[in-house]
Amino acid sequence: MAKVVLITGASSGLGLSTALHLHKIGYQVYGTSRNPEKNTITLPFPLIPLEITNNDSIDSCVALVLKKAGRLDVLINNAGVGITGPMEEIDLTAVSENFAINCFGPLQMAQAVLPKMREQSSGLIINITSIAGVMGLPFRGVYSSSKSAFSIMTESLRMEVKSFGIEVCSLAPGDYATDIASRRYHAPVIENSPYQRIYQENLDTMNKHVSDGNPPQEIAIAISKIIKKGKPAVHYQVGPFVQKLSKILKGILPNRIFEKLIMNHYKL
Ligand SMILES: NC(=O)c1ccc[n+]([C@@H]2O[C@H](COP(=O)([O-])OP(=O)(O)OC[C@H]3O[C@@H](n4cnc5c(N)ncnc54)[C@H](OP(=O)(O)O)[C@@H]3O)[C@@H](O)[C@H]2O)c1
């Protein structure tokens, strides 16, 4: 029987590529979008409504999948958004919204599917974090910390549910060529702000990194390998070599040297 996979944020980017790939290789895929009716391409899998910051929406989404499929083998917590801005100036409402989408909502998705997975004595939850969550990046402190918090939650949840036959892991992508940059919340570049020039320069660099990123299909293939594995590692990193290297360097270099490397890279 084909495994049932629910992937949040499957209307574009990494989620769409992954949903298409998993469908193609035989999984029973359910994707989500806040506005499935706005989708203009014909998809070979159903797109279910989901607003990840809304409890009722999460409950209805999971209930619908269980009603249609009768079980749920894999949850891929992929939906997420970017945010940029100087820590001194960034609006706390935007910070809170980002954590709600990147961290609290995905945790609640896990809470919603766990009772069924426990009943089945099996299940896999793959949390999409980010290599940007391994370190505090300048002008991306909120994004880095929301993904970092989600990565740590992954570790705790994984240990708590292991004895029920449920596996949990994170996959941290590096830069991938999706439209995420166009949907990011950008704190405005304020005229006469002490950060005006350097923040604008960094925004340009960040956007270029994403548009020059690797093809999203790489993530789809990495996820399919994790699903096939059965016993996944705690964390996976997938992306350009130099970005994966940054985690290793952070682990072995003295903090000040690592900080200097990051600051030089971002011209601070
Ligand atoms: N691209 C990269 O370089 C990169 C790197 C590291 C990590 N990531 C992570 O990978 C994941 C996918 O990113 P992507 O690059 O594929 O971005 P994307 O193309 O912008 O896709 C984001 C998806 O999230 C959904 N979404 C956004 N806000 C939502 C909300 N409030 N409730 C429910 N769904 C919501 C969107 O669906 P609708 O708009 O249809 O609702 C969309 O399908 C994110 O978690 C991102 O942080 C991406």
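Structural data are supplied above this passage.
Values in this document were obtained by computation on a predicted structure and should not be read as measured data. (Residues numbered from 1 in each chain as written. Predicted model: local features only at pLDDT ≥ 70, side-chain atom pairs only at ≥ 80, totals over all residues. Heavy atoms only, no water.)

Caption draft 1: Molecular detail of the pairing of strand E2 (residues 28–33). Of all 6 residues that make up E2, 5 are buried, and the element is covered over most of its length. Pairing analysis gives 4 bridges linking strand E1 (residues 4–7) to E2, with the strands arranged parallel. From the neighbouring strand, valine 4 faces E2, where its bridge partner is glutamine 28. Following the backbone out of E1, through helix H1 (residues 13–24) and into the adjacent parallel E2, one traces a crossover that is right-handed. In this structure, E2 lies alongside strand E3 (residues 47–49), joined through 3 bridges in parallel fashion. Paired with glycine 31 across the bridge in E3 is leucine 47. (Buried < 20%, exposed > 50% of the residue type's maximum accessible area, 1.4 Å probe, protein only. Helix = DSSP H or I, 4+ residues; strand = E, 2+ residues; numbered from the N terminus. Pairing = 2+ DSSP bridges. Right-handed = clockwise from strand over helix to strand, strands pointing away.)

Caption draft 2: Examining the pattern of salt bridges more closely. For the coordinates displayed, the defined rule picks out 6 salt bridges. The salt bridge partner of lysine 116 is glutamate 119, with a shortest N-O separation of 3.1 Å. With lysine 116 and glutamate 119 both in helix H3 (residues 92–120) and 3 residues apart, the pair spans about one turn of that helix. Given the relative accessible area of 19%, lysine 116 is considered buried. Here lysine 162 makes a salt bridge to glutamate 167, at a shortest N to O gap of 3.2 Å. A relative accessible area of 39% means that lysine 162 is categorised as partly exposed. According to the relative accessible area criterion, glutamate 167 is buried, its value standing at 6%. Counted as one network, the salt bridges with shared partners bring together Lys162, Glu167 and Lys231. (Salt bridge = Lys/Arg side-chain N within 4 Å of Asp/Glu carboxyl O.)

Caption draft 3: Region of the structure containing the site of the ligand. What surrounds the ligand is a group of 28 residues, the closest being Ser11, Ser33, Arg34, Tyr143 and Thr178. Interatomic distance of 2.9 Å between a side-chain N/O atom of serine 12 and an oxygen atom of the ligand. At 2.7 Å, a backbone N or O of arginine 34 approaches an oxygen atom of the ligand. Coverage of the ligand by the protein amounts to 95% of the 890 Å² it exposes when considered alone. Counting residues per element, the ones that place at least two in the shell around the ligand are H1, helix H4 (141–161) and helix H5 (180–183). Split into classes, the residues belonging to the shell around the ligand amount to 12 nonpolar, 11 polar and 5 charged. (Near = heavy atom within 4 Å. Polar contact = N/O pair within 3.5 Å; in protein donor to acceptor, adjacent residues only side chain to side chain. Areas by Shrake-Rupley, 256 points an atom, 1.4 Å probe, with all protein chains shown as cover. Nonpolar A, V, L, I, M, F, W, Y, C, P; charged D, E, K, R; others polar.)

Caption draft 4: Looking closely at the sheet that holds E1. Spatial strand order, E3-E2-E1-E4-E6-E7-E9: 7 strands in an open sheet with parallel pairing. Either end of the sheet is taken by a strand with one partner, and the two such strands are E3 and strand E9 (235–238). Ignoring strand direction, the axes of neighbouring strands in this sheet form an average angle of 20°. As paired strands, strand E6 (residues 123–128) and strand E7 (residues 166–173) are joined by 6 bridges and run parallel to one another. Looking across to E7, one finds that glycine 123 is bridged to isoleucine 166. Together, strand E4 (74–77), E6, E7 and E9 form the strand contacts of H4, whose direction differs from that of E7 by roughly 160°. (Axes fitted to C-alpha atoms, helices over the stretch in contact; angles between N-to-C directions. Contact = heavy atoms within 4.5 Å.)

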